[in-house]
There are 2 protein chains.
Amino acid sequence: MCQHTAKPATPPLDSYVAPMPGHACACSGRAAEGQNRPPAGRLVPAAHELDFPPVPFPSAHVLEALGEARLRALVRHHHKLLRESEIAHLFAPDPAEFEALVEVIADYVIEACGGARSYTEARGEACMRTRHFPFTIDERGREVWLEKLCHALIDNGFPSDIRQEYWNWMEPFSIRMINRRTAKAQPLRLSWTEAVQRFTPALQA
Amino acid sequence: MCQHTAKPATPPLDSYVAPMPGHACACSGRAAEGQNRPPAGRLVPAAHELDFPPVPFPSAHVLEALGEARLRALVRHHHKLLRESEIAHLFAPDPAEFEALVEVIADYVIEACGGARSYTEARGEACMRTRHFPFTIDERGREVWLEKLCHALIDNGFPSDIRQEYWNWMEPFSIRMINRRTAKAQPLRLSWTEAVQRFTPALQA
């Protein structure tokens, strides 16, 4: 089904990997500091958890180049792949319900690209992180979602610059949907070039 | 079982509630900005998720005043209450396994208070956030855990200053165990006084 025929040569996304500040687990930090025993009454400094990199939304060029129909086709194909993936359980098992959801997501994508405002007119402010809270999304789930997006962008034959611009939106955006952490490390960052290398290894042979 | 007889009058914890930076969901921020339509190609700035307030570990006074046996009794009582709570599913159902776990946790508490190093000698660096990743801990789960700690601190009849110092450790520390977010708001902050008011309403009548 996936042909993965494109090999776009695009510069890598600027690396944005903020290190985990200190020992955010509030463990002693003993190993790092070479101490044998942490002092009583020590103060573990403030820190924070998941970093959200900047999210560049698509320019008007994406919608102008593709039109709404091809954007909608991308969302449909992406979700067809997701439905066959290890995160299929995140979506409604009922086919009609699933298809209705996909059209809503396509409405969101089209609006985010500067198109018709169907999404917010029907549903109000998008606030996607909030809307995803009921669904458990961990780092691995995001990577599967990105893998299928990479395949869908290639399968749908979009121009290379459009693929990259769309990816540069969705790659950091998807981090903001993570609501279940399973590791201290920040989520994987992948430029479009790195994604193609990682998710379509047959193309690299 | 819980008598909740103490009414310590302690100053509230310094409020540390960092506002959620911007629209971390990467939604348009339209409502906040009064715009009818977000511009195509906009850049949603970097942000981050869960704030970890500073964690003041107990001073040597806590262990000196209580001794290891009373600290261990506190941990046992706390977990007895947890086992009857809505987060009981987070613990081993097997009684022997549960009891063994409680002793390990008591080892950790005693060591964190400056006592015997049984925990790290047996298990290595504590790194509590990492050790809790396999268990789904959300904001509500943390509040239940804190409620039972409040009850245990009162039930065990610890001196007021010790209760407060122990609470001032565990209240921010417990935020670092949250690994499942269900809302954009930062987790509830509670001073010891506020906790007593919230979790032992009968005492306030």
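Look up a bit, the structure's there.
Residues numbered from 1 in each chain as written. Chains lettered and ligands numbered in written order. Predicted model: local features only at pLDDT ≥ 70, side-chain atom pairs only at ≥ 80, totals over all residues. Heavy atoms only, no water.

## Focus on the overall build of chain A
Working step 1: Within chain A one finds 9 helices and 4 strands.
Working step 2: The helix and strand sequence of chain A, counted from the amino end, reads α-β-β-β-β-α-α-α-α-α-α-α-α.
Working step 3: Going through the 205 residues of chain A one by one, you find that 54% of them count as buried.
Working step 4: The contacts in chain A between residues at least 6 apart in sequence include a share of 76% that link residues at least 24 apart. (Helix = DSSP H or I, 4+ residues; strand = E, 2+ residues; numbered from the N terminus. Buried < 20%, exposed > 50% of the residue type's maximum accessible area, 1.4 Å probe, protein only. Contact = heavy atoms within 4.5 Å.)

## What about the nonpolar core?
Working step 1: Counting residues in each nonpolar core, the largest one holds 48 residues, and the members touching the most others are Leu-71, Tyr-108, Val-109, Tyr-166, Trp-167, Trp-169 and Phe-173 of chain A.
Working step 2: Taken together, the elements giving at least two residues each to this core come down to helix H2 (60-83), helix H3 (95-112), helix H6 (139-155), helix H7 (160-175) and helix H8 (192-199) of chain A.
Working step 3: Beyond its immediate chain neighbours, meaning those up to four positions away, Leu-71 of chain A contacts Val-62, Leu-63, Leu-66, Val-109, Ile-110, Cys-113 and Tyr-166 of chain A.
Working step 4: One finds Val-62, Phe-98, Val-104 and Ala-112 of chain B within the second-largest nonpolar core, a separate group that totals 47 residues. (Core = buried A, V, L, I, M, F, W, Y, C linked by side-chain atoms within 4.5 Å.)

## Comments concerning the packing of aromatic side chains
When we look at a pair of aromatic rings, we describe it by the centre distance and by the angle of the planes.
Residue and element names in this part refer to chain A.
Working step 1: Going through the model one piece at a time under the given rule, you end up with 16 aromatic pairs over all chains.
Working step 2: Here Phe-57 and Trp-169 contribute two aromatic rings whose centre-to-centre distance is 5.4 Å and whose plane-to-plane angle is 45 degrees, an arrangement assigned as tilted. Placement of Phe-57 in the loop between strand S4 (55-56) and H2 and of Trp-169 in helix H7 is noted, with a sequence separation of 112 residues between them. For the pair Phe-57 and Trp-169, a shared accessibility class is recorded, and that class is buried. (Phe/Tyr/Trp six-rings, centres within 6.5 Å; stacked < 30°, edge-to-face > 60°.)

## Remarks on the pattern of salt bridges
All names here are of chain B.
Working step 1: Scanning the model with the defined rule gives 21 salt bridges over all chains in all.
Working step 2: A salt bridge links Glu-139 to Arg-181, with the nearest nitrogen and oxygen atoms 2.9 Å apart. Taken together, the residues span a long stretch of sequence, with Glu-139 in helix H6 (residues 139-155) and Arg-181 in the loop between helix H7 (160-175) and helix H8 (192-199) at a distance of 42 residues. The same class applies to Glu-139 as to Arg-181, namely buried.
Working step 3: Among the salt bridges present, the one from Glu-171 reaches Arg-189, with a minimum N-O distance of 2.6 Å. Taken as a pair, Glu-171 in helix H7 and Arg-189 in the loop between H7 and H8 lie far apart in primary sequence, 18 residues in all. No difference in accessibility class separates Glu-171 from Arg-189, as the two residues are buried. (Salt bridge = Lys/Arg side-chain N within 4 Å of Asp/Glu carboxyl O.)

## Comments concerning the packing of helix H2 (residues 60-83) of chain B against H6 of chain B
Residue and element names in this part refer to chain B.
Working step 1: Where H2 meets H6, the axes come as close as 9 Å, and the angle between the chain directions of the two elements is 130 degrees. One finds that H2 runs oblique with respect to H6. Judged by the sense of rotation from one axis to the other, the crossing of H2 with H6 is right-handed. For the pair formed by H2 and H6, the contact residues are Leu-74, His-77, His-78, Leu-81 and Leu-82 on the first element and Val-144, Trp-145, Lys-148, Leu-149, His-151, Ala-152, Leu-153 and Asp-155 on the second. (Axes fitted to C-alpha atoms, helices over the stretch in contact; angles between N-to-C directions. Parallel < 35°, antiparallel > 145°, perpendicular 65-115°, else oblique. Left-handed = near helix turned anticlockwise from the far one by under 90°.)

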